[in-house]
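# Examination of the molecular architecture
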Number of protein chains: 2
Amino acid sequence: MGKGVLLIISGPSGSGKGTIVERLVSDLGYSISISATTRSPRPNEKDGVHYFFKTKESFEKMIDDEELLEHACFCGNYYGTPKRYVEEQLEAGRNIILEIEVQGALQVKEKYNDAVLIFTMPPTLTELRRRLENRGTEDKETIDKRMKRAEEELEYLPKYDYLVINDTVDEAVKDVDIIVKAERMKCSRNPELKKKFKGDVC
Amino acid sequence: MGKGVLLIISGPSGSGKGTIVERLVSDLGYSISISATTRSPRPNEKDGVHYFFKTKESFEKMIDDEELLEHACFCGNYYGTPKRYVEEQLEAGRNIILEIEVQGALQVKEKYNDAVLIFTMPPTLTELRRRLENRGTEDKETIDKRMKRAEEELEYLPKYDYLVINDTVDEAVKDVDIIVKAERMKCSRNPELKKKFKGDVC
């Protein structure tokens, strides 16, 4: 069966990456990485389900012990991706998704060369704006900011392995799954293959 | 739409690669590379369909002018893959298959880094032998030779991009098509993507 694929999905706000990830988990049995954080749990949040909740001290110990694939600090709280959970899923042959922004994605790729970086985008920037406007939740200024940020993120596109155009969610989910299936057939992911065939002949 | 994918399929005799290639052409509209040769056409063979038939002089001129992706000499005749036809198909956005043996495959990969190398194998070497025996066309000595050759070819597996296990032909054809679809989503194949999105916003 082989190891699972570590999948990193990034894309501008409004690209629909969240929906794609949800569908990969619910319909196709992908795992999703659970982040560690030092912020307090909200009433409905369970440790080990929504987050791994940590004290500042134990989070900083995780950093020192290199137990995180990537981490960052927002609003005075740490957030990070624990290595161990990801590695357990991969060893069990499960594909695991990290939905993270571009800098974090590249941080992970440096540590795991086998990580597959997917960038999602609507077919055009015009369509991205239309989707942000259709949400009806943000004013023009916020949308302008998000569009500017989207253009900045597009600068990182050449560092990504694949681009999935999110025209319809169904197609985009299928495209991600196609990429993962192809990746699992890569010879570089299965260095023991030759031995396997040879062993068989004895 | 983008350029097509140059697909190189290799695999031991008995791996079923010929059948897979036929199905990719007939069912999925893949192109197949037409070889150039200096041998004489057989009665049913048409120039530009089965082969490009060449004189020794014009073949050697093609070598000198670097018009071949790879070439070799068998039984006093030249065989080779003309660049131009392959490039025309790729430019037209069509996926084109070269069914060639391991050394030729690596020769092409050196010139076209974008070429996708696929190795086909039955699930085990035991199964490969069973398939060769079931053909009923070769004696034990020939089969032993083919098995030895298969083991030699497997040494090249780490140099290939993908391994497609030919358990059933239907699945193997689907797997090759999955690989090609994923390859076409690669950012490295679409260096103009960023510009495309940016241009759209103006």
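Below, the structure is looked at part by part. (Residues numbered from 1 in each chain as written. Chains lettered and ligands numbered in written order. Predicted model: local features only at pLDDT ≥ 70, side-chain atom pairs only at ≥ 80, totals over all residues. Heavy atoms only, no water.)

This paragraph deals with the overall build of chain A. Looking only at helices and strands, chain A has eight helices and nine strands in total. In chain A, 66% of the contacts between residues at least 6 apart in sequence involve partners at least 24 apart. Counting only carbon and sulfur atoms, one obtains 50% of the accessible surface of chain A, whose full area is about 10500 Å². Counting 33 positive and 37 negative side-chain charges, chain A places the averaged centre of each group 3 Å from the other. (Helix = DSSP H or I, 4+ residues; strand = E, 2+ residues; numbered from the N terminus. Contact = heavy atoms within 4.5 Å. Areas by Shrake-Rupley, 256 points an atom, 1.4 Å probe, with all protein chains shown as cover. Lys, Arg positive; Asp, Glu negative; His and termini not counted. Charge placed at Lys NZ, Arg CZ, Asp CG, Glu CD.)

Our next topic: unusual backbone geometry. The backbone of A:Glu66 shows a phi angle near 55°, a positive value even though the residue is not glycine. With respect to the helices and strands, A:Glu66 occurs in the loop between helix H2 (56-64) and strand E5 (68-74).

A separate point is the relation of the copies chain A and chain B. When chain A is fitted to chain B, the best match, at an RMSD of 0.0 Å, comes from turning it 180° and sliding it 0.0 Å along the axis. What the superposition gives is, in effect, a two-fold axis relating one chain to the other. Interface overlap between copies is the fraction of interface residues in one copy that are interface residues in the other; for chain A against chain B it reaches 100%, indicating a shared surface. (Least-squares fit on C-alpha atoms with pLDDT ≥ 70 in both.)

Ranked by internal contacts, the top residues of the largest apolar core, which has 40 residues, are A:Leu7, A:Ile118, B:Leu7 and B:Ile118. Dropping the residues within four chain positions of it, A:Leu7 is found in contact with A:Tyr30, A:Ile96, A:Ile97, A:Leu98, A:Val116, A:Ile118, A:Val176 and A:Val180. (Core = buried A, V, L, I, M, F, W, Y, C linked by side-chain atoms within 4.5 Å. Buried < 20%, exposed > 50% of the residue type's maximum accessible area, 1.4 Å probe, protein only.)

With 32 residues of chain A in contact, the opposing surface of chain B contributes 32 residues. Approximately 3000 Å² of surface area, both sides summed, lies buried where chain A meets chain B, with 69% of it carried by carbon and sulfur atoms. Sorting the residues of chain A by area buried against chain B places A:Met185, A:Cys187 and A:Phe197 first, and these three jointly supply 23% of that buried surface. Linking chain A with chain B are zero salt bridges. If you look at where chain A meets chain B, you find four residue pairs in polar contact (both at pLDDT 80 or more). Of all the elements in the fold, those that place two or more residues in the side of chain A that touches chain B are helix H5 (125-135), helix H6 (140-154), strand E9 (162-165), helix H7 (169-184) and helix H8 (193-201) of chain A. Take the side of chain A that touches chain B: its biggest share by element is seven residues, from H8(A). (Buried area = accessible area lost by both parts, 1.4 Å probe. Salt bridge = Lys/Arg side-chain N within 4 Å of Asp/Glu carboxyl O. Polar contact = N/O pair within 3.5 Å; in protein donor to acceptor, adjacent residues only side chain to side chain.)

Once that is clear, we can look at the environment of B:Asn113. Residue and element names in this part refer to chain B. Residue placement: asparagine 113 occurs in the loop between helix H4 (102-111) and strand E8 (116-121). For asparagine 113, a relative accessible area of 62% corresponds to the exposed category. C-alpha of asparagine 113 to C-alpha of leucine 6: the two residues are 107 residues apart in sequence and 9.9 Å apart in space.

Its place among the elements puts A:Asp177 in helix H7. Look at A:Asp177 and you get buried, because its relative accessible area is 14%.

With that settled, consider the packing of helix H5 (residues 125-135) of chain B against helix H6 (residues 140-154) of chain B. All names here are of chain B. In the contact formed by H5 and H6, the axes pass within 10 Å of each other and the chain directions differ by 145°. Crossing hand, H5 versus H6: right-handed. Taken together, the residues of H6 that come into contact with H5 (itself represented by Leu125, Leu128, Arg129, Leu132, Glu133 and Arg135) are Ile143, Asp144, Arg146, Met147, Ala150, Glu151 and Leu154. Looking at the contact of H5 with H6, its residues break down into seven nonpolar, no polar and six charged. (Axes fitted to C-alpha atoms, helices over the stretch in contact; angles between N-to-C directions. Left-handed = near helix turned anticlockwise from the far one by under 90°. Nonpolar A, V, L, I, M, F, W, Y, C, P; charged D, E, K, R; others polar.)

All names here are of chain B. Counted under the stated rule, the structure contains ten aromatic pairs over all chains. Ring plane angle 65° and centroid distance 6.1 Å describe the contact between phenylalanine 52 and tyrosine 85, whose orientation is recorded as edge-to-face. With a gap of 33 residues between them, phenylalanine 52 in strand E4 (residues 52-53) and tyrosine 85 in helix H3 (residues 83-91) connect regions that are remote in the sequence. Using a relative accessible area of 21% as the deciding quantity, one classes phenylalanine 52 as partly exposed. (Phe/Tyr/Trp six-rings, centres within 6.5 Å; stacked < 30°, edge-to-face > 60°.)

We now examine the pattern of salt bridges. Summed over the entire model, instances satisfying the criterion amount to 44 salt bridges over all chains. Its salt-bridge partner being B:Glu127, residue B:Arg131 comes within 2.8 Å of it at the nearest N-O pair. One end of the pair is B:Arg131 and the other is B:Glu127, both in helix H5 and four residues apart, which spans about a single turn. Each member of the pair, B:Arg131 as well as B:Glu127, is classed as buried. Beyond isolated ion pairs, a larger network of salt bridges with shared partners links A:Arg129, A:Glu133, A:Lys140 and A:Asp144.

The next thing to look at is the sheet that holds strand E6 (residues 77-82) of chain A. Residue and element names in this part refer to chain A. Taken together, the four strands give an open sheet; going across it, the order is E4-E3-E6-E5, and neighbouring strands pair in mixed fashion. Each edge of the sheet is formed by a strand with only one pairing partner; in this case those strands are strand E4 (52-53) and E5. Bridge count between E5 and E6: six bridges; the pairing is antiparallel. Paired with histidine 71 across the strands is glycine 80, a residue of E6. Most of the contacts of H2 go to E6, to which it runs at about 45°, and overall it touches strand E3 (36-37), E5 and E6. (Pairing = 2+ DSSP bridges.)

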